[in-house]
Amino acid sequence: MSQPSPLPDTSEIEQRLRNAGIVPPADRAAGTYASAQRLLAVVHWLRQPRTVAAEPSNTFTLASKD
Amino acid sequence: MSISRPLNHLSIAEAGKALRAGEVTALALTEAALTQIAEVDPEVHAFVLLTTERALADASKADAAFASGVDKGPMQGIPYALKDIYGTAGIRTTAHSNLLRDNVPSEDSVVAAKLAEGGGVLLGKVGTFEFAIGGPSFDLPFPPARNPWNLDHFTGGSSSGSAAAVAAGMMRMTMGSDTGGSIRGPAAFCGTVGLKPTYGRVSRRGVLPLAYSLDHCGPLSWSVEDSALTMQVISGYDPLDPASAKVPVPDFTASLGQDLAGLRIGYTRKFYLENPFLDPEATQALDAAAQQMAALGALVEEVDMPPFEQFDAACRVIMFGEAYAIHETDIKTRPHAYGRYAYQHLISGAVLSAADYVQAQRLRRELTAAVNQGLLGTFDALLAPNALGTAAPFSDFGPDAGRWGGMLTGPFNVTGNPALALPIGFASNGLPLSVQIVGRPFDEVTVLRIGAAYEAVAGVTQQRPQFALQAKAA
């Protein structure tokens, strides 16, 4: 079972958005922060031990292409 | 064959047979569809653009083709509609957004072109959650589609108009798209069939993207056979779609009508049982569906999957990361051109790090192996939950749409497997329940076989909403 890290608060999300060059309009800020917080709440599931083969190249094994 | 049923109730195969026998014309089928649309769509709001002149012209062309002995396949003379993210030459394609309200592409998407070349009759464009990611919004150029089983409830999304139109009997098939469940979710909530084909099976070229590595194009339809016949027309290798796979196109109807003898189906029951939002009525319906499949001859065994939360995390991080990359410029410079729900979803991708995205893709590889080399190395198909319950009422959606969840569809966007949404009954509130049948990559034939065998004995897909049945065309 993955251990969640503490969720970022509004000021950290504001900072992440500023780093991306974004200041949400005031009338949409609360919903934006809530949406971002829900997304960040799941990223701890991505950081568990992986196999050596777990790399992003050719994730799908699709049939051969020209 | 004498036609004793309303024309808009005929399956694609039945209509095709009648067309070829000269018992009905494409024009009559089209007029029946247009009548049903006129009767019910003022309440359902499935369509964002009706292309009546184009439909009548397409129908006349199909009738002329039949008269001269030209047969372009199963969609010739059959009315259909496209989700409004499919590019259509000379026909407005808006993604249900103010941002593209005047967008008129100069070329057809590949799917639109294939359906047109196959003699289909384009009725128009149906609504979507904005850019296939928003929600049931009221701040967009068009109202959200309503669930034909209860108009106070939403349809699910993002292929909202596609599902509503089929459920309300306006036509047998519409095209949708599926990035995290956008075909299977609305199909589940509106009681239709919905097929997300294998990633790479159907070209995405000309369809507005949401997330490149998760986007799939596929049909929503009244029956499994309708979807199989549609797949025959829209599938195939496209060298100009980077995700397209060069694989043979099978006869998707080849195994329809067979029972399930000899098939091994893994039932991923534990995958959802621990979810606190699961409706017990959904569990009962799923268990009953599993028993029915066993009665049809399949060996059904409970199996374990990796935790849903891993699939969900990979799916959301990849989806929001890729979607933000696509919308970055517009969302920074014209935030109010987007509706509130789409804005909130899309902007959240900006808070992810590059490492988050890479880790999600690494996890994706392991999950894909666990499903394909693991479970589907042993089983012919998986039976999985689709939604945790029934469609929510519009009143559940406040200013923050993302709070609503309840879909278990994302795992098979992460892995790329074909997945069929199949109606399995109704909850006590009268709203549909659904299951997913998941197959090996490029084995839609087995998925459709299982769906059709269940459908034939369960009879659920024959049921339609009362108000749609009472309309004049029906």
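See the structure above.
Here goes a summary of the coordinates provided. What you see as residue numbers is a count from 1 along each chain, following the sequence as written. Each chain is given a letter, starting from A, and each ligand a number, starting from 1, according to the order in which they appear as written. With pLDDT at 70 or above as the cut-off, local features in this predicted model cover only qualifying residues; side-chain atom pairs require 80 or more to be listed or tallied, and sums for whole chains, interfaces and linings still use all residues. Each side-chain value is derived from all of the structure's non-hydrogen atoms; neither hydrogens nor water enter the calculation.

## Comments concerning the overall build of chain B
So, step 1. Helix numbering and strand numbering both begin at the N terminus, where a helix is a DSSP run of H or I of at least 4 residues and a strand a DSSP run of E of at least 2. For chain B, the count of helices and strands is 15 helices and eleven strands.
So, step 2. Summarising its shape, the C-alpha atoms of chain B cover approximately 60 × 55 × 45 Å along the three principal directions.
So, step 3. In chain B, which comprises 474 residues, the proportion classed as buried is 64%.
So, step 4. By the convention used here, residues are in contact when the closest approach between their heavy atoms is within 4.5 Å. For chain B, the share of sequence-separated contacts (at least 6 apart) that also reach a separation of at least 24 residues comes to 78%.
So, step 5. Just so you have it, chain B exposes about 15,300 Å², and 52% of that area is on carbon and sulfur atoms. To sort residues, take the accessible area from a 1.4 Å probe on protein chains only and compare it with the maximum for the residue type: under 20% means buried, over 50% means exposed, and anything in between is partly exposed. Surface exposure here means Shrake-Rupley accessible area, sampled with a 1.4 Å probe, where a residue is shielded only by the protein chains that are shown.

## A closer look at the interface of chain A and chain B
So, step 1. Contacts between the two partners involve 39 residues from chain A and, on the opposite side, 54 residues from chain B.
So, step 2. Two parts placed together each lose some accessible area under a 1.4 Å probe, and the buried area is that loss summed for both. Across the chain A/chain B interface, buried area totals approximately 3,900 Å², and carbon plus sulfur atoms make up 58% of it.
So, step 3. In what follows, salt bridge is the name for a side-chain nitrogen of Lys or Arg lying within 4 Å of a carboxyl oxygen of Asp or Glu. At the junction of chain A and chain B, the tally comes to two salt bridges.
So, step 4. The salt bridge partner of Glu366(B) is Arg50(A), with a shortest N-O separation of 3.0 Å.
So, step 5. N or O atoms closer than or at 3.5 Å make up a polar contact, with two conditions inside protein: a donor-capable atom paired with an acceptor-capable one, and, for residues adjacent in sequence, both atoms drawn from side chains. At the boundary of chain A with chain B, the tally comes to 16 residue pairs in polar contact (both at pLDDT 80 or more).
So, step 6. Elements with a contribution of two residues or more to the side of chain A that touches chain B: helix 1 (10-19) and helix 2 (29-40) of chain A.

## Regarding the environment of Pro239(B)
So, step 1. As for its position among the elements, Pro239(B) is in the loop between helix 7 (224-234) and strand 7 (264-267).
So, step 2. Sequence-wise, Pro239(B) and Ser203(B) are 36 residues apart; in three dimensions their C-alpha atoms are separated by 9.1 Å.

## Here we look at the sheet that holds strand 4 (residues 173-178) of chain B
Residues and elements named next belong to chain B.
So, step 1. Two strands are counted as paired when DSSP detects at least two bridges linking them. Taking strand neighbours across the sheet as the criterion, the eleven strands line up as 1-3-2-4-6-5-10-11-9-7-8 in an open arrangement whose pairing is mixed. Looking at the sheet topology across the chains shown, the edges are occupied by strand 1 (47-50) and strand 8 (299-302). On average, each strand axis in the sheet is tilted by 25 degrees relative to the strand beside it, whichever way the strands run.
So, step 2. Examined bridge by bridge, strand 2 (residues 79-83) and strand 3 (residues 121-126) share five bridges and lie parallel to one another. Each bridged residue has a counterpart across the sheet, and for Pro79 the counterpart in strand 3 is Val121.
So, step 3. Packing of helix 4 (residues 110-117) onto the sheet brings it into contact with strand 2 and strand 4, and relative to strand 2 it is tilted by some 170 degrees. Fitting a line to C-alpha atoms yields each axis, with helices limited to the stretch in contact; the angle taken between N-to-C directions then spans 0 to 180 degrees.

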